[in-house]
Number of protein chains: 2
Amino acid sequence: MDTTQRTDQQRSADRRRRELLEAADRVVLRDGPQASMNAIAAEAGITKPILYRHFGDKGGLYAALAKRHTDALLDSLRAALDAPAERRERVEATLDTYLAAIEARPQVYRFLMHPAEGGTAAEQGFDVGKHSAPLLRRMGEELAQVIEDRLDLGPESQQLARVWGHGIVGMMHAAGDWWLGERPCSRAELVRCLADLLWGRLAAAGDRVGGPGF
Amino acid sequence: MDTTQRTDQQRSADRRRRELLEAADRVVLRDGPQASMNAIAAEAGITKPILYRHFGDKGGLYAALAKRHTDALLDSLRAALDAPAERRERVEATLDTYLAAIEARPQVYRFLMHPAEGGTAAEQGFDVGKHSAPLLRRMGEELAQVIEDRLDLGPESQQLARVWGHGIVGMMHAAGDWWLGERPCSRAELVRCLADLLWGRLAAAGDRVGGPGF
DNA sequence: GACTGGTGTTACCGCTAGTAACACGTATGT
DNA sequence: ACATACGTGTTACTAGCGGTAACACCAGTC
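Residues numbered from 1 in each chain as written. Chains lettered and ligands numbered in written order. Predicted model: local features only at pLDDT ≥ 70, side-chain atom pairs only at ≥ 80, totals over all residues. Heavy atoms only, no water.

Some words on the protein's contact with DNA strand C
Step number 1: Around DNA strand C sit 15 residues, and of these K48(A), Y52(A), K58(A), T47(B) and R53(B) come closest.
Step number 2: A distance of 3.0 Å is found between a phosphate oxygen of DNA strand C and a backbone nitrogen or oxygen belonging to M37(A).
Step number 3: The side chain of R53(B) places a nitrogen or oxygen atom 2.3 Å from a base nitrogen of DNA strand C.
Step number 4: Elements represented by at least two residues in the surface near DNA strand C include exactly helix 3 (48-55) of chain A together with helix 1 (3-31) and helix 3 (48-55) of chain B.
Step number 5: Classifying every residue of the surface near DNA strand C by side-chain character gives seven nonpolar, three polar and five charged. (Near = heavy atom within 4 Å. Polar contact = N/O pair within 3.5 Å; in protein donor to acceptor, adjacent residues only side chain to side chain. Helix = DSSP H or I, 4+ residues; strand = E, 2+ residues; numbered from the N terminus. Nonpolar A, V, L, I, M, F, W, Y, C, P; charged D, E, K, R; others polar.)

Some remarks on the pattern of salt bridges
Residues and elements named next belong to chain A.
Step number 1: Considering all chains together, one arrives at 44 salt bridges over all chains under this definition.
Step number 2: A salt bridge links D25 to R68, with the nearest nitrogen and oxygen atoms 3.8 Å apart. Here D25 is found in helix 1 (residues 3-31), whereas its partner R68 is found in helix 4 (residues 58-82), with 43 residues between them in sequence.
Step number 3: According to the relative accessible area criterion, D25 is buried, its value standing at 14%.
Step number 4: One salt bridge in this structure joins R187 and D96, with 2.9 Å as the shortest N-O distance. One end of the pair, R187, is in helix 9 (residues 187-198); the other, D96, is in helix 5 (residues 87-104), with 91 residues separating them in the sequence. (Salt bridge = Lys/Arg side-chain N within 4 Å of Asp/Glu carboxyl O. Buried < 20%, exposed > 50% of the residue type's maximum accessible area, 1.4 Å probe, protein only.)

Description of unusual backbone geometry
All names here are of chain A.
Step number 1: Within the chain, R183 stands out as a residue other than glycine whose phi angle is a positive 50°.
Step number 2: Within the secondary structure, R183 sits in the loop between helix 8 (157-182) and helix 9.
Step number 3: You can call R183 partly exposed: its relative accessible area is 42%.

Topic: the protein's contact with DNA strand D
Step number 1: Neighbouring DNA strand D are 13 residues; T47(A), R53(A), K48(B), Y52(B) and K58(B) lie closest to it.
Step number 2: Atoms of DNA strand D within 4 Å of the protein: sugar and phosphate make up 43%, bases the balance.
Step number 3: At 3.1 Å from a phosphate oxygen of DNA strand D is found a side-chain nitrogen or oxygen belonging to R16(A).
Step number 4: Listed by contribution, the elements that provide at least two residues to the surface near DNA strand D are helix 3 of chain A together with helix 3 of chain B.

A closer look at the interface of chain A and chain B
Step number 1: On the side of chain B, 76 residues touch chain A, which itself brings 76 residues to the contact.
Step number 2: Carbon and sulfur atoms supply 58% of the area buried between chain A and chain B, which totals about 7200 Å² over both sides.
Step number 3: Our enumeration of links across chain A and chain B arrives at 10 salt bridges.
Step number 4: Between R162(A) and E182(B) there is a salt bridge, with its nearest N and O atoms 3.2 Å apart.
Step number 5: The leading source of residues in the side of chain A that touches chain B is helix 8 of chain A, at 17 residues.
Step number 6: Looking at the side of chain A that touches chain B, its residues break down into 35 nonpolar, 18 polar and 23 charged.
Step number 7: Note that strand 2 (residues 206-207) of chain A and strand 1 (residues 151-152) of chain B share two bridges and pair antiparallel. The residue of strand 1 of chain B that forms the bridge with G206(A) is D152(B). (Contact = heavy atoms within 4.5 Å. Buried area = accessible area lost by both parts, 1.4 Å probe. Pairing = 2+ DSSP bridges.)

What follows is the structure, given as structure tokens:
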């Protein structure tokens with residue numbers, strides 16, 4: 001059991017794992033989030049127990065799969081968030097990056113937003129509400145960190161930043177989801193509307209004639 | 001087949017349907033969104049085929065169940081939205097109403113946010129992204145209508161209102177979900193933070209020393 | 001009394017996630 | 001050279017799911 005052999009094995013296992021993940025990716029892209037383990041195994045040219053040896057259970061495979069895409073998307077978002085430009089431009093660029101991603105690959109995005117599922121009887125924690133997709137949480141935390149690092153929000157800075165991070169991400173997600181289903185306008189228009197909302201146009205708008213206003 | 005008898009039968013069927021829905025409610029509240037049809041039938045004291053005769057399939061039962069809670073929650077939200085007060089107060093009241101609801105019954109809320117699932121091979125439309133929970137969509141449309149009715153937003157009023165409706169609902173949902181899982185602050189504080197976000201504090205905040213600002 | 005319609009059952013189908021048990025190749029220790 | 005251990009792969013299975021077909025019972029009606 002010398003070191004070189006162990007690394008060899010590990011390398012082989014890692015390569016195998018990547019191949020399996022790519023096969024799973026193709027199936028999920030084709031069949032949606034409810035792709036079966038049988039289908040994934042068949043696509044990879046092997047049988048189920050191998051998948052289970054590599055990933056434990058379906059949740060493990062899905063987590064590994066989600067991590068790849070989540071990391072990639074988060075990298076794009078960070079890039080847009082870090083670009084050298086005015087705050088408004090940067091916010092719009094980030095929104096546009098996210099919307100472009102979900103527009104380009106709706107199946108992947110749909111998969112990422114899907115909660116864990118826990119088929120038979122595992123991982124059930126009903127008493128709390130933490131069912132949201134990991135991607136949303138990670139994006140929220142990431143954005144919160146950026147906000148807290150860069151904005152001066154007074155004494156309650158941290159709390160405000162975290163609430164805003166998750167809130168803005170949720171706004172982006174829900175609006176994007178609705179937009180993807182109905183396509184009521186162009187992406188650029190959607191970006192502008194959302195940025196306007198974040199820029200306080202809701203509070204600044206005048207009441208409509210005849211009513212007390214929202 | 002005279003009218004009175006048909007009404008009698010219909011009444012009986014309706015009562016039965018309500019009983020079944022209440023049983024399903026109890027099971028979902030106990031087991032979460034993945035409650036099985038067997039469990040629900042057992043809770044109602046009957047067997048599966050009866051459930052299927054009443055609701056068609058699992059999606060039908062879940063849709064009926066969701067409609068009850070969704071209608072109830074939307075009524076509460078409408079009440080908060082229509083209260084006689086300033087705009088900011090009303091926004092805060094609406095946010096608080098939603099958060100209080102999900103805080104009081106997280107399982108129900110979790111169930112409502114769950115997408116349709118389509119067990120075996122039904123209702124699969126992967127090419128579009130319309131997987132979101134009906135509750136989110138309905139709340140978004142409802143809020144959009146209120147915004148459009150009451151605010152003067154210029155020529156692009158309708159589009160802005162719809163984007164904002166879905167965006168604000170998504171913000172509320174994501175922030176509420178995160179808050180419910182981590183409980184980082186009181187409900188009132190969360191409400192204030194979110195209202196501040198909607199009131200443009202993000203755009204108004206100053207840059208932190210040493211960086212160009214978000 | 002035969003007939004019809006609603007309510008209920010049992011027993012099944014095909015599918016899923018997940019696993020146990022077995023077979024093959026290969027490198028190693030004695 | 002041979003036995004041993006190990007990783008890789010298979011087949012065949014379990015338990016449970018959503019959903020359904022076929023049958024039983026019990027009312028009211030012609």
